[in-house]
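Results of the structural survey
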Amino acid sequence: MTPTLSVGGAALLAAVAAWQLGRVLLCAAGDQRDSQFLTISGAVAFGLAVTLGLLAVPSVDSAASSAALGASPGAAWLVLAGALVLLAGLWRDLGRGVRGQSMAALVLAALIAVTVGGVSVEQVKLPFGGFVDLGLAGQVLTVAWIVAAAVVVRLLDPLPGLTAGFGLLSAGTFFVVVVAKGHEPLARVAGISPSLSAVLLGACLGVVLAGGRTGLSLGRAGSGLLGFLLAVLTVVGTLKHTAFLLVALPVLSLAVPMLNVFYMRRQWQRAGGADPASLDRARTLGDMLGRRGFGHTRAVELLLGLQAYCCLTALALVGLVTVPVVVKLLLLAMVLPAAFVAFFLLSRIAARVAAVDAGKVRILDVPIDALTYQSAEQRMDELIRSGGAHHVFTADASGIMRAQEEPELAEIIRTCDLVTADGAGVLWAARIFDFPLPERVSGVDLVRRLSGLAARQGYRVFLLGAAPGVAEAAADVLRAENPGLDICGVRDGYFKDEAEIAEVLRAARPHILFVALGIPKQEQFIRRWYKELGLPLCLGIGGSFDVISGKLERAPEWMQRAGLEWLFRVLQEPKRWRRLAALPKFVGAIAVSTWRDWRRQTKVPRPS
Ligand code: UDP
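Nothing here was measured: the structure is a model prediction, and the numbers come from that model.

**Some details on the confidence of the model for the chain**
For the chain, per-residue confidence averages 87 on the pLDDT scale, and residues scoring 70 or more make up 88% of the total. Below a pLDDT of 50 lies the segment residues 59-72, which in the model reaches 15 contacts outside its immediate sequence neighbourhood of four places, other chains included. This model gives residues 604-608 a pLDDT under 50, and the stretch forms six contacts once residues within four places in sequence are excluded.

Written out as structure tokens, the structure reads:
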């Protein structure tokens, strides 16, 4: 039988065994699918499938493998070492045994791999030429790496379906590398690599198929075994062209489990974790996604998507094996951080958590109140009843950017009584800061809702601003919409004498003053007069009268929902295009601020 057929046969055997065994165990569990039974089912199906697959390798492939492996005693040592890891893990999964036993089994298995199996990194080619013999240090390093890699995979989230899916991607990557590059003289890929990667691929595929949409968990036992075998594969199956690939390939193929451990460590530190044993109970990436409202399937898809991306990067690096190492490093530096950042941002932006409808979120030092239209109306009614003068700011991305450049405006906003989120960009940024706001509370809609409130409560309303005739037209619309509305004054926004307007306001004594002079003119006007005139509620509402009067058309519903109202306004008034520059600036400023925020959170005091 040709080696290719034997490798394919072993993989198929492992796949069918894991699939059918997994299904039988799931059926046996029936309706009482308690999580321990499910976990053990996955581990048993995976372990037996791997064992069968590996045992099939030497019997069908002895001639080919002995030639390829040289002195290596075939796959028997792998089966022995793997069984050790699996059984010790199963014992712990059943709640038996003593602490540290699965770790001891792992160390023993790694020693078997290095001594009997001859799995060791002996010599590496340096990126800029020359070889280094590692000798005994290579063996020690290999044991340490196998144990570390296996622990990292074992700590991967117990989300059903995740570990098997990860194994499928990681083993698949090695299989492709080994098949595509194994024949190259410098590759020195051990003969067992094709069989081991194919068997792992098959067994993981079988578990994924058996688990269906709900997925099967591999537990400590199965994931420990998967981690151990993948770690062995990273040593025997990597390309030894350069030290760079020797490191990059294993790290990329274990990227998600490694990221998970970094995340867990950070959570553990933040919780003031002093006891190292409590690290494996720290919050995982899966917990983080669950807290953000991701369903089980979506969380697994997102994590596997990230792993698939890292595996593709690994394959691209292998494809570029002859390219100078500097280019490969650059490629890595560009594509990897982008993926991790995208993952964490997506986990916040796409979160399905219930939006917060109280409290404040600071976006670029601008405090935004978490409000719905209903709670905004209620709070503003309370402000009017409470006596005194109050100022409300409706914040959109361009307003927030203006505040970055104008300290006076920033100070006004900071001391406003309420700040509403008036724009899709603000809602989006709040999500990035992990504080989802319930809805957009825009100036136009506030004018309409507060006019309704005023009609019901008998509050007087004053409309100040916009071109001559526009505020009058808006007043007519508001009166028609809210019968009984008392509009005690209307003035356009192109006045010369501000003091005269103040006198008009003093005489009219409005409860609610809408000011449409554009940012920052309207905010400065309000700030100069609201206390002196004792105006209970003042709002800067930009171009709202233009929209309400019908002078400008409001963006269609779908554009408002998609957060594209700003685009519609630019299309209507092309002279506003300059304002578009605020958007990329806003995105950039949010990125810098998120980075600082993250750095600040990371700098946690080390447990003493
Ligand atoms: N406006 C005004 N007086 C001025 C400048 C502007 O009444 O001296 C009006 C202008 O007619 C428009 C509104 O203020 O109705 C500004 O609308 P814009 O959409 O530009 O407001 P922003 O986006 O700055 O809130």
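Still more ground to cover, so stick around.
**Concerning the site of the ligand**
Near the ligand, the surroundings consist of 16 residues, among which Ala466, Gly493, Lys521, Asp546 and Arg579 are the closest. Gly543 places a main-chain nitrogen or oxygen 3.3 Å from an oxygen atom of the ligand. Note that an oxygen atom of the ligand is positioned 2.5 Å from one of the side-chain N or O atoms of Asp546. In the complex, 83% of the free accessible area of the ligand, which totals 550 Å², lies under the protein chains. Split into classes, the residues belonging to the shell around the ligand amount to six nonpolar, five polar and five charged.

**Section: the packing of aromatic side chains**
Given two aromatic rings, their pairing is described by the distance between the two centres and the angle made by the two planes. Under the criterion given, the structure shown has three aromatic pairs. Between Phe343 and Phe344, the aromatic rings sit 5.2 Å apart at their centres with planes inclined by 80 degrees, giving edge-to-face as the arrangement. Classification of Phe343 by relative accessible area gives buried; the value is 3%. Ring-pair connections join several aromatic residues into one group, and the members of that group are Tyr263, Phe343 and Phe344. Here the guanidinium or amino end of Arg96 rests over the ring plane of Trp91, the centre of that ring lying 5.5 Å away.

**A look at the layout of surface pockets**
To locate leftover empty space, one rolls a probe as large as a water molecule over the atoms. Approximately 1,200 Å³ is the volume attributed to the second largest pocket. The wall of the second largest pocket is formed by 39 residues, among which Arg266, Phe340, Val341, Phe344 and Trp598 lie closest to the centre. Secondary structure elements with two or more residues in the lining of the second largest pocket: helix H9 (243-253), helix H10 (255-270), helix H11 (285-291), helix H13 (325-349), helix H17 (424-432) and helix H25 (582-602). It is H10 that contributes the most residues to the lining of the second largest pocket, ten residues altogether. Taken together, the residues of the lining of the second largest pocket break down into 24 nonpolar, six polar and nine charged.

**Comments concerning helix H4 (residues 101-115)**
In this model H4 runs 21 Å from its N-terminal to its C-terminal C-alpha over 15 residues, within 8% of the 21 Å that 1.5 Å per residue would give. What H4 keeps buried is the set Gln101, Ser102, Ala105, Leu106, Ala109, Ala110, Ile112, Ala113 and Val114. Contacts made by the buried residues of H4 are with helix H3 (76-93), helix H5 (135-154) and helix H8 (219-236).

**Some words on the environment of Leu409**
Looking at the secondary structure, you find Leu409 in helix H16 (residues 407-414). In sequence terms Leu409 and Lys521 are 112 residues apart; their C-alpha atoms lie 9.6 Å from each other. For Leu409, the contacting residues outside a window of four places in its chain are Gly399, Arg402, Ala403, Ile519, Pro520 and Glu523.

**A closer look at the packing of helix H18 (residues 443-457) against helix H19 (residues 470-481)**
Close contact between H18 and H19 brings their axes to 10 Å; oriented N to C, the two are set at 50 degrees. Classified by the interaxial angle, the pair formed by H18 and H19 is oblique. Our pair here, H18 against H19, has a crossing hand that is right-handed. Counting all contacts with H18, which are made through Val447, Arg448 and Ser451, the residues of H19 involved are Val477, Leu478 and Glu481. Tallied by class, the residues present in the contact of H18 with H19 amount to three nonpolar, one polar and two charged.

**Some remarks on the sheet that holds strand E8 (residues 486-491)**
In spatial order, the strands read E6-E5-E10-E9-E7-E8; together these six strands make up an open sheet with parallel pairing. A strand with exactly one partner marks an edge of an open sheet, and here the two such strands are strand E6 (418-421) and E8. On average, each strand axis in the sheet is tilted by 20 degrees relative to the strand beside it, whichever way the strands run. Here five bridges tie strand E7 (residues 460-465) to E8, and the two strands are oriented parallel to one another. Following the sheet pairing, Phe462 is matched in E8 by Gly489.

**Thoughts on a nonpolar patch on the surface**
The grouping of Met103, Val107, Leu108 and Leu111 at the surface amounts to a nonpolar patch, some 300 Å² of accessible area in total. Tracing the backbone through its elements, the reader meets Val107 in helix H4. When its relative accessible area of 32% is taken as the criterion, Val107 is described as partly exposed.

Here is what the cut-offs are and how they apply
- Residues numbered from 1 in each chain as written.
- Predicted model: local features only at pLDDT ≥ 70, side-chain atom pairs only at ≥ 80, totals over all residues.
- Heavy atoms only, no water.
- pLDDT = per-residue confidence, 0-100.
- Contact = heavy atoms within 4.5 Å.
- Near = heavy atom within 4 Å.
- Polar contact = N/O pair within 3.5 Å; in protein donor to acceptor, adjacent residues only side chain to side chain.
- Areas by Shrake-Rupley, 256 points an atom, 1.4 Å probe, with all protein chains shown as cover.
- Nonpolar A, V, L, I, M, F, W, Y, C, P; charged D, E, K, R; others polar.
- Phe/Tyr/Trp six-rings, centres within 6.5 Å; stacked < 30°, edge-to-face > 60°.
- Buried < 20%, exposed > 50% of the residue type's maximum accessible area, 1.4 Å probe, protein only.
- Lys NZ or Arg CZ within 6 Å of the ring centre and 35° of its normal.
- 1 Å grid on protein atoms, 1.4 Å probe; cavity = no way out; pocket = protein on both sides within 12 Å on 5 of 7 lines; lining within 4 Å.
- Points joined across faces, edges and corners; volume = space filled by probe spheres on them.
- Helix = DSSP H or I, 4+ residues; strand = E, 2+ residues; numbered from the N terminus.
- Expected span 1.5 Å × (residues − 1).
- Axes fitted to C-alpha atoms, helices over the stretch in contact; angles between N-to-C directions.
- Parallel < 35°, antiparallel > 145°, perpendicular 65-115°, else oblique.
- Left-handed = near helix turned anticlockwise from the far one by under 90°.
- Pairing = 2+ DSSP bridges.
- Patch = residues over 30% accessible without salt bridge, like charges linked within 9 Å, V, L, I, M, F, W, Y side chains within 5 Å.
- Salt bridge = Lys/Arg side-chain N within 4 Å of Asp/Glu carboxyl O.

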